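# Tertiary structure, described
Here is how the chains run, residue by residue.
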Amino acid sequence: MIEKKFRVIADQGLHAKPATSLIMATDRFVSDITLVYDEKKIDFKSIIGVLSLGIYKGEVITLIFNGTDEEEACNKISELIKKYEICEEI
């Protein structure tokens, strides 16, 4: 299991366009990816789940990667989060 914390830096927060891009990238991984925010845990592979949380700029989220390709999934998703300037790792 790998756990990473991020602070949302995008002015619009974690909104539909970047969230969709990230979630589409999760399809290739068999590992479970869980997003934890405000004591809620959701499947990060679910766009409805991610958007339902209403995550704004400055908020802290945790991503938990668990499975056979967790390291690869963590590296790829972390890379995309930085590339799209959505969050910074803390």
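All of the points below concern the structure found in this document. (Residues numbered from 1 in each chain as written. Predicted model: local features only at pLDDT ≥ 70, side-chain atom pairs only at ≥ 80, totals over all residues. Heavy atoms only, no water.)

All right, on to the pattern of salt bridges then. Overall, the coordinates contain 7 salt bridges when judged by the stated rule. Residue Asp38 pairs with Lys40 through a salt bridge whose shortest N-O separation is 3.8 Å. Residue Glu79 pairs with Lys76 through a salt bridge whose shortest N-O separation is 3.6 Å. Here Glu79 and its partner Lys76 are both found in helix 3 (residues 70–83), 3 residues apart, which amounts to about one turn of the helix. In the salt-bridge network here, residues are joined through shared partners; they are Lys4, Lys82 and Glu89. (Salt bridge = Lys/Arg side-chain N within 4 Å of Asp/Glu carboxyl O. Helix = DSSP H or I, 4+ residues; strand = E, 2+ residues; numbered from the N terminus.)

Ordered by their spatial adjacency, 5 strands build an open sheet running 3-2-4-1-5, and the pairing between neighbours is antiparallel. The open sheet has two edge strands, strand 3 (40–43) and strand 5 (87–89), and neither has a second partner. Between one strand and the next, the sheet's axes are offset by a mean angle of 30°, whatever the strand orientation. (Pairing = 2+ DSSP bridges. Axes fitted to C-alpha atoms, helices over the stretch in contact; angles between N-to-C directions.)

Among the nonpolar cores identified, the biggest contains 26 residues, and Leu14, Leu35, Phe44, Ile55, Leu63, Ile77 and Ile81 are the most heavily contacted of them. Within the residue set of this core, elements represented by two or more residues are strand 1 (2–8), helix 1 (16–26), strand 2 (32–37), strand 4 (60–66) and helix 3. If near-sequence neighbours (up to four positions away) are discounted, Phe44 is found in contact with Leu22, Ile23, Thr26, Ile33, Thr34, Leu35, Val50, Leu63 and Ile77. (Core = buried A, V, L, I, M, F, W, Y, C linked by side-chain atoms within 4.5 Å. Buried < 20%, exposed > 50% of the residue type's maximum accessible area, 1.4 Å probe, protein only. Contact = heavy atoms within 4.5 Å.)

A few words on the packing of helix 1 against helix 3. Contact geometry of helix 1 with helix 3 gives a least axis separation of 10 Å together with a crossing angle of 160°. Put simply, helix 1 runs roughly antiparallel to helix 3. Crossing of helix 1 over helix 3 shows right-handed handedness. Between helix 1, through Leu22, Ala25 and Thr26, and helix 3, the contact on the second element is made entirely by Ile77, Leu80 and Ile81. Its residues placed into classes, the contact of helix 1 with helix 3 shows 5 nonpolar, 1 polar and no charged. (Parallel < 35°, antiparallel > 145°, perpendicular 65-115°, else oblique. Left-handed = near helix turned anticlockwise from the far one by under 90°. Nonpolar A, V, L, I, M, F, W, Y, C, P; charged D, E, K, R; others polar.)

Turning our attention to the side chain of Ser31. By the element assignment, Ser31 lies in the loop between helix 1 and strand 2. Its relative accessible area of 1% is what places Ser31 among the buried residues. A distance of 2.5 Å separates the side chain of Ser31 from the side chain of Asp69, its partner in a polar contact. Separated by 3.0 Å, the side chain of Ser31 and the backbone nitrogen of Glu70 make a polar contact. What Ser31 contacts, discounting residues up to four positions off in sequence, is Lys45, Asn66, Gly67, Thr68, Asp69 and Glu70. (Polar contact = N/O pair within 3.5 Å; in protein donor to acceptor, adjacent residues only side chain to side chain.)

Moving on: the environment of Val36. For Val36, the position within the fold is in strand 2. Val36 gets classed as buried once you look at its relative accessible area, which sits at 18%. Once residues lying within four places of it in the same chain are set aside, the contact partners of Val36 are Lys41, Ile61, Thr62 and Ile64.

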